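# Descriptive analysis of the structure
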Amino acid sequence: MEEFEASASAQKTKSIYISTVFGLAMVLLMVGLLGLILVHANNLSRYVKENIVLNIFVDESAHEPDVLELQKQLESNVMVKQTQYVTKELAAMHLKKDLGEDFVKFLGYNPLSGSLDVYLKADYANNASIEKFKASLLKNPLIKEVKYQQSLVDDMNNNITSISLVILAFAAIFVVVSVALINNTIRLAIYSQRFLIKSMQLVGATKTFIRKPFIIYGIWHGLLGGLIAIIILMGTLYFAQVQIPDLVVLQNYTEFGLIFLGVIGLGVFISGFSTYLAVNRFLRLKIYQLYR
């Protein structure tokens, strides 16, 4: 009979720990998904900003070597990510493709000017920085005009700021809720072991001796939960990339690695710390309080 009760107790304990691990895994999965959303949103913001183009029109009398030298100077600027030289002929070819007819043949000459398309780094893709950059460019005698979509830059930055604040607020709330859920899951698991904890204490075991195996198990459960969450996250990323191939331009595997490490670290820390607090709580209880 005693062997049966011991076996039943062991099975119950095992099922509790399994449910704890999967509960941790699901919470950590949601944290990881939120992290991936934040990374993709940040990379999308950077991608959009770095695709704003400044059209720098050069003087018609400028020689190509001078324009190429200007291009090199622009590329060395800390604000510039990349440049592209668009010759008069290339500009005419693009416009002809857009119009669907040969306007050069109709006019008898090419009225377009050569230009440099300049793409700025994301940190400088705002009207204040662009206006300063534009003013410095117009001092160059080779540059006739600088054009960009000012209203688009304003709208883009305002929308990105608003969306970022909403996502960050949601992330903060979600992390707090996740920590609370993991803590409650751990406390329920330790609750089933309250009599064992008190028995060890009654036979003279020190608090450190009692806590140690529970904390080790808590850390182990956090690690397992984190690994399960990471496996599911990797599957989700693969599925998303298959369904939306263009997502590859927003993916940064270094950032993904940091998120995965963060998920494991969060699982281990919260699980271990929550176990420590839960065991301490039952160590402080009187025997009659264990039945409440």
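Just so we're clear, the structure is a prediction, and the values are computed from it rather than from any experiment. (Residues numbered from 1 in each chain as written. Predicted model: local features only at pLDDT ≥ 70, side-chain atom pairs only at ≥ 80, totals over all residues. Heavy atoms only, no water.)

Under the definition given, this model contains two aromatic pairs. With a centroid separation of 5.8 Å and 90 degrees between ring planes, the pair formed by Tyr253 and Phe256 is classed as edge-to-face. You can see Tyr253 and its partner Phe256 sitting in helix H9 (residues 253-284), three residues apart, about one turn around the helix. The exposure class assigned to Tyr253 is exposed, which follows from its relative accessible area of 56%. The class of Phe256 is buried, set by a relative accessible area of 3%. Pairing Phe269 with Phe273 gives two aromatic rings, centres 5.8 Å apart and planes at 5 degrees, and the pair type is stacked. Note that Phe269 and Phe273 are positioned in helix H9 at a spacing of four residues, about one turn of the helix. (Phe/Tyr/Trp six-rings, centres within 6.5 Å; stacked < 30°, edge-to-face > 60°. Helix = DSSP H or I, 4+ residues; strand = E, 2+ residues; numbered from the N terminus. Buried < 20%, exposed > 50% of the residue type's maximum accessible area, 1.4 Å probe, protein only.)

In regions of low pLDDT, the predicted coordinates are not meant to be interpreted in detail. On average, residues of the chain score 78 in pLDDT, and 83% of them are at 70 or above. At the level of individual helices and strands, the chain shows its lowest average pLDDT in helix H4 (residues 103-107), which scores 57, and its highest in helix H8 (residues 207-243), which scores 87. Throughout residues 1-9 the model reports pLDDT below 50, and contacts reaching past four residues in sequence, or to other chains, amount to zero contacts. (pLDDT = per-residue confidence, 0-100. Contact = heavy atoms within 4.5 Å.)

Soluble, globular proteins show a tendency: their nonpolar side chains are buried together. Counting 29 residues, the largest nonpolar core has Ile182, Ile190, Ile197, Ile210, Phe214, Phe260 and Val279 as its most contacted members. Mapped by element, the contributors of at least two residues to this core are helix H1 (2-49), helix H6 (150-191), helix H7 (194-202), H8 and H9. In terms of residue count, the dominant contributor to this core is H9 (10 residues). In this view, Phe260 contacts Ile230, Leu233, Met234 and Leu237; residues no more than four positions away in its chain are not counted. In this structure, Ile52, Ile56, Phe133 and Met156 belong to the second largest nonpolar core, which totals 23 residues. (Core = buried A, V, L, I, M, F, W, Y, C linked by side-chain atoms within 4.5 Å.)

Per the stated rule, a full pass over the model turns up three salt bridges. Two residues, Glu50 and Arg46, come together in a salt bridge whose shortest N-O distance is 3.7 Å. Given a relative accessible area of 14%, Glu50 falls into the buried group. We note a salt bridge from Glu50 to Lys81, for which the minimum N-O separation is 2.9 Å. Of this pair, Glu50 sits in the loop between H1 and strand S1 (53-58) while Lys81 sits in strand S2 (residues 80-86); the two residues are 31 residues apart in sequence, bridging distant segments of the chain. Taking relative accessible area as the criterion, Lys81 reaches 47% and is therefore assigned partly exposed. Residues joined in a network through salt bridges with shared partners are Arg46, Glu50 and Lys81. (Salt bridge = Lys/Arg side-chain N within 4 Å of Asp/Glu carboxyl O.)

As a further point, take the packing of helix H5 (residues 127-137) against H6. Where H5 meets H6, the axes come as close as 10 Å, and the angle between the chain directions of the two elements is 150 degrees. Overall, the two elements H5 and H6 adopt an arrangement that is roughly antiparallel. Residues Asn127, Ile130 and Glu131 of H5 pack against Gln150, Val153 and Asp154 of H6. Here the residues of the contact of H5 with H6 are counted per class, giving two nonpolar, two polar and two charged. (Axes fitted to C-alpha atoms, helices over the stretch in contact; angles between N-to-C directions. Parallel < 35°, antiparallel > 145°, perpendicular 65-115°, else oblique. Nonpolar A, V, L, I, M, F, W, Y, C, P; charged D, E, K, R; others polar.)

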